[in-house]
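Residues per chain are reported as follows:
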Amino acid sequence: MLNSSPSTHFNLNSPTDCITVQGQTFYVKRDDLLHPIFNGNKARKFLYYLYLKDTQIKTIISFGGNQSNAMLALSVLARIKHWRFDYYLKKLPQQLRNNPSGNFKYACEHGMSYHEVTEFPIIHPTPESIILKQGGVGAEAEFGIATLANEINQWVMNQQIDDACIFVPSGTGTTAFYLQQHTQLSVYTTPCVGDSEYLKKQWHHLNIDTPRYPIIIPFDQHARFGQPYLPYFEIWQRLLEETGIEFDLLYDPVGWISILKHRHCLAKNIIYIHCGGVNGNESMVDRYNYRFTKSVIMKHSEKCLDE
Ligand SMILES: Cc1ncc(COP(=O)(O)O)c(C=O)c1O
């Protein structure tokens, strides 16, 4: 359960766990542990704003999905900074408006003012407001993602781990891209939202002239992003049971299926970035239950575990 008064204790330098999945060893950079809500790559992307001092800013404005992880992280950021948070979203489903749940509910509890629109309006920033793009895309994200890269670089050196690489699943590709700019290790990624071409276009929009791009492991999407798909639920549950770590239900199943399939092509020591987003699992599990009914999910999971 989330706390209505968010902790301001933000512990940078997250731990790295060693885990075993299907008999293979991996490292997991536990950015999900940075803060109960303001964690994962959203915390890294918005760190610049958390550290902002002597600013005139009074309002954060953003837009996106009604269960977005970034929305929830921004509601907490605004609360910590004593800023107003205006969030624009498409018309809410009746069910969600009547019974707020998941990230939407918690963001509202943290003081988010939401505005239902048919089209996202064009709003110009003022000295007192910042407009943050969907998914935390933007040059300011580099500041916090560089702190993540530096922690990994330092950890690899301290542990004297050679033959290491990094893996992070991609949405906008912002995390993978900026990580690669701040580490000599190879960063591998798999597109979860679009295809490889979409990801390359996203990197192109970041507008940095660089010789270093992350390496894309293509993935044949079986389901539209965010749609319940039983094999995703299965790997998510397996990971929970085998490692005790709860991953997110949107990006991580794609990431882990991809890694396990291509394990042999990657470096010996894979560092998987846990990007948080676990607060959003509540509404995803509801969607799985609604779509498949509990008994189908249970049967499917039991069948998979027996295999
Ligand atoms: C849990 C999780 N993993 C991965 C990603 C992908 O991050 P990016 O959009 O920077 O590629 C996101 C999106 O922010 C996310 O919420």
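Computed from a predicted structure; not experimentally measured.

Draft legend 1. Spatial organisation of the overall build of the protein chain. Per the secondary structure count, the protein chain includes 10 helices and 10 strands. At 19 Å, the protein chain has a C-alpha radius of gyration in line with the 19 Å of a compact globule built from 307 residues. For the protein chain, the C-alpha atoms occupy an extent of roughly 50 × 50 × 35 Å along the three principal directions. When each of the 307 residues of the protein chain is scored for burial, the buried share is 54%. In the protein chain, once contacts between residues fewer than 6 apart in sequence are set aside, the share between residues at least 24 apart is 75%. Looking at the protein chain as shown, the accessible area adds up to about 15,000 Å², and 51% of this sits on carbon and sulfur atoms. Charge-centre separation for the protein chain: the mean point of 28 positive side chains lies 4 Å from the mean point of 29 negative side chains.

Draft legend 2. Summary view of the site of the ligand. Surrounding the ligand, one finds 15 residues, the nearest of these being Lys42, Gly171, Thr172, Gly173 and Thr175. Within the backbone of glycine 171, one N or O atom sits 2.8 Å away from an oxygen atom of the ligand. One of the backbone N or O atoms of glycine 173 is found 2.7 Å from an oxygen atom in the ligand. Against a free-state accessible area of 390 Å², the protein chains account for coverage of 96% of the ligand. Residue assignment for the shell around the ligand shows that the elements contributing at least two residues are α1 (40-50) and α6 (174-181). Counted by class, the shell around the ligand contains three nonpolar, nine polar and three charged residues.

Draft legend 3. Representation of the sheet that holds strand β6 (residues 129-132) within the structure. Within the open sheet, the four strands sit side by side as β5-β4-β3-β6. Their pairing is parallel. Each edge of the open sheet carries a strand with a single partner, namely β5 (113-117) and β6. Strand-to-strand twist in this sheet, taken as the mean axis angle between neighbours without regard to direction, amounts to 20°. Relative to β6, strand β3 (residues 59-63) runs parallel, the two being bridged by four bridges. Bridge assignment links serine 62 to a residue of β6, and that residue is leucine 132. Packing against the sheet, helix α2 (residues 69-81) makes contact with β3, β4 (84-90) and β6, and its axis sits at approximately 160° to β4.

Draft legend 4. Region of interest: helix α5 (residues 141-158). With 18 residues, α5 extends 26 Å from end C-alpha to end C-alpha; this agrees with the ideal 26 Å at 1.5 Å per step. Those residues of α5 that are buried lie in contact with β1 (16-21), β2 (24-29), α1, β7 (164-167), α6 and β10 (269-273). Trailing α5 by a residue or two, glutamine 160 shows a phi angle of about 50°, which is positive.

Draft legend 5. Inspection of the side chain of arginine 44 at higher detail. Among the structural elements, arginine 44 can be located in helix α1. Of the polar contacts made by the side chain of arginine 44, one reaches the side chain of aspartate 31; its length is 2.7 Å. Leave out the neighbours within four places in its chain, and arginine 44 touches Leu12, Ser14, Lys29, Asp31, Leu34, Ala141, Gly144, Ile145, Thr147, Leu148 and Glu151.

Draft legend 6. Here's a closer look at the sheet that holds β10. Here six strands make up an open sheet; going across it, the order is β1-β2-β10-β7-β8-β9 and the pairing mixed. In this open sheet, the two edge strands, each paired with only one partner strand, are β1 and β9 (215-216).

Draft legend 7. Quick peek at the packing of aromatic side chains. In this structure the tally under the stated criterion is 21 aromatic pairs. On the numbers, 5.9 Å between centres and 55° between planes, the contact of phenylalanine 177 with tyrosine 213 is tilted. In this pair, phenylalanine 177 is assigned in helix α6 and tyrosine 213 in the loop between α7 (196-205) and β9, connecting sequence segments 36 residues apart. Each ring, one from phenylalanine 247 and one from tryptophan 256, has its centre 5.6 Å from the other, and the planes form 70°; the classification is edge-to-face. Like tryptophan 256, phenylalanine 247 is buried. An aromatic cluster of three or more residues is present, and its members are Phe26, Phe167, Phe247, Trp256 and Tyr272. The positively charged end of lysine 90 is found above the aromatic ring belonging to phenylalanine 120, 5.0 Å away from the centroid.

Procedures and definitions
- Residues numbered from 1 in each chain as written.
- Predicted model: local features only at pLDDT ≥ 70, side-chain atom pairs only at ≥ 80, totals over all residues.
- Heavy atoms only, no water.
- Helix = DSSP H or I, 4+ residues; strand = E, 2+ residues; numbered from the N terminus.
- Rg over C-alpha atoms; globule rule 2.2 N^0.38 Å.
- Buried < 20%, exposed > 50% of the residue type's maximum accessible area, 1.4 Å probe, protein only.
- Contact = heavy atoms within 4.5 Å.
- Areas by Shrake-Rupley, 256 points an atom, 1.4 Å probe, with all protein chains shown as cover.
- Lys, Arg positive; Asp, Glu negative; His and termini not counted.
- Charge placed at Lys NZ, Arg CZ, Asp CG, Glu CD.
- Near = heavy atom within 4 Å.
- Polar contact = N/O pair within 3.5 Å; in protein donor to acceptor, adjacent residues only side chain to side chain.
- Nonpolar A, V, L, I, M, F, W, Y, C, P; charged D, E, K, R; others polar.
- Pairing = 2+ DSSP bridges.
- Axes fitted to C-alpha atoms, helices over the stretch in contact; angles between N-to-C directions.
- Expected span 1.5 Å × (residues − 1).
- Phe/Tyr/Trp six-rings, centres within 6.5 Å; stacked < 30°, edge-to-face > 60°.
- Lys NZ or Arg CZ within 6 Å of the ring centre and 35° of its normal.

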